[in-house]
Amino acid sequence: MLDDSDRDEVLALLDSDPVANVFVSSRVRAVGLNPARLGGQMWGFGPRGGLVSLCYAGANMVPVNAGPEAVHAFADRARKQGRRCSSIVGPVDAVSLLWERLEPHWGRARAIRWAQPVMATSRRSPVPPDPLVRRVRPEEFDVLLPACVAMFTEEVGVSPNLGDGGALYRTRVAELIRIGRSYARIDDGKVVFKAEVGAVTPHACQIQGVWVAPELRGKGHAVAGMAAVVEAAMSCFAPVVSLYVNDYNHSARSVYRKVGFHEVDTFMSVLF
């Protein structure tokens, strides 16, 4: 298990693929490697001074640069410790092998997303941005929250209000608003389009939570809204903007391609 004395080596490994590793890198840069602050443990594979792989083991389990030998080691540790995560997510080869080792011990997953294209862009969108998409203000939390809950439920298949009544989810939504990483078009008190910049490093950022009100879909709000968020993200956060999407979500993938995204990797997610 790694700690803050390993921070520089961990970041160097994460920065070797800044798009694939943006989530974990953002967490380490923000809070370091102390488990209490990180919200989980960081496992390293290889000697100190020669780390070759990582695994973030928190609410999500995320393997980083993990070949078969590292995956086997991480799976053994995870099996002995027992499942503490709500998902496993990361590059498809590592996650599929990790799940192959863990499924006999952890039991069936609630859902598996076998292929999730990772898409990225480093250029401003070729389509005009929606001028009405802007940062959400703190006093608009109650307006935005129902849209966030609807997006999460539609995407993940369960409500974020289960378990703790949604307290942690509401805290995260409020935090993204507070730090200026929540964007939306709000017309007459109604959310038309929304998205958040969920992870940020100096090299890349990751968009999440893209959603259009169901009755307004197919009218171009997603394309123009995403163009606005990409422009804002490049101006405020990082030179590369990324996201990942389910392979079967053809409409979303079409939107992202129109905005200028291209596929650079493939993730897989196992949801519990």
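This section reports on the structure supplied with the text. Going along each chain's sequence as written, the residues are numbered from 1 onward. Local features in this predicted model are restricted to residues of pLDDT 70 or higher, and side-chain atom pairs are both shown and tallied only at a pLDDT of 80 or more, whereas totals for entire chains, interfaces and linings draw on every residue. To obtain the side-chain values, all non-hydrogen atoms of the structure were included, while hydrogens and water were left out.

## Details of helix α8 (residues 221-236)
Convention followed: Numbered from the N terminus, helices here are DSSP runs of H or I no shorter than four residues, and strands are runs of E no shorter than two. Every helix has an expected span of 1.5 Å times one less than the residues it contains. Three labels apply to residues, based on accessible area from a 1.4 Å probe with only protein chains included: buried if under 20% of the type maximum, exposed if over 50%, partly exposed otherwise in between.
With 16 residues, α8 extends 22 Å from end C-alpha to end C-alpha; this agrees with the ideal 22 Å at 1.5 Å per step. Within α8, 13 of the 16 residues are buried, which leaves the element mostly enclosed by the surrounding structure.

## Focus on the nonpolar core
Put simply, the test is: Residue types Ala, Val, Leu, Ile, Met, Phe, Trp, Tyr and Cys, when buried and joined through side-chain atoms within 4.5 Å, form a set referred to as a nonpolar core. Whether two residues are in contact is decided by their heavy atoms, any of which lying within 4.5 Å being enough.
With 29 residues, the main nonpolar core has C205, I207, M226, V241, Y256 and F261 as its most contacted residues. Contributing elements (two or more residues each) for this core: β8 (190-200), β9 (205-212), α8, β10 (241-244) and α9 (250-259). For this core, the element with the most residues is α8, which contributes 9 residues. Beyond its immediate chain neighbours, meaning those up to four positions away, M226 contacts F193, I207, V210, L243, V255, Y256, V259 and F261. One finds L13, V28, L33 and M42 within the second-largest nonpolar core, a separate group that totals 24 residues.

## A look at the packing of helix α4 (residues 68-81) against helix α5 (residues 92-106)
Note the cut-off: Fitted lines through C-alpha atoms serve as axes, helices being fitted only where they are in contact, and the angles separating the N-to-C directions of these axes extend from 0 to 180 degrees. When describing relative orientation, an angle under 35 degrees is termed roughly parallel and one over 145 degrees roughly antiparallel, while 65 to 115 degrees is termed roughly perpendicular and anything else oblique. Note on convention: the crossing is left-handed when the near helix lies turned anticlockwise from the far helix by less than a right angle, right-handed when the turn is clockwise. The nonpolar class holds Ala, Val, Leu, Ile, Met, Phe, Trp, Tyr, Cys and Pro. Asp, Glu, Lys and Arg form the charged class, and all remaining residues, Gly among them, are polar.
In the contact formed by α4 and α5, the axes pass within 9 Å of each other and the chain directions differ by 30 degrees. The orientation of α4 with respect to α5, classified from their angle, is roughly parallel. The crossing of α4 and α5 is right-handed. Contact with α4, carried on its side by P68, V71, H72, F74, A75, D76, A78 and R79, involves A94, L97, L98, R101, L102, H105 and W106 of α5 and no other residues of that element. Partitioned by chemical class, the residues of the contact of α4 with α5 number 10 nonpolar, 2 polar and 3 charged.

## Some thoughts on the state of the cysteines
Using the following cut-off: Sulfur atoms of two cysteines make up a disulfide when they are within 2.5 Å.
Enumeration according to the criterion identifies 0 disulfides in this entry. In this structure C85 is a free cysteine whose sulfur lies 8.7 Å from that of C55, the closest cysteine sulfur available. The class for C85 is buried, based on a relative accessible area of 4%. Of the cysteine sulfurs around C148, a residue in no disulfide, the closest is that of C205, at 18 Å. For C148, a relative accessible area of 1% gives the class buried.

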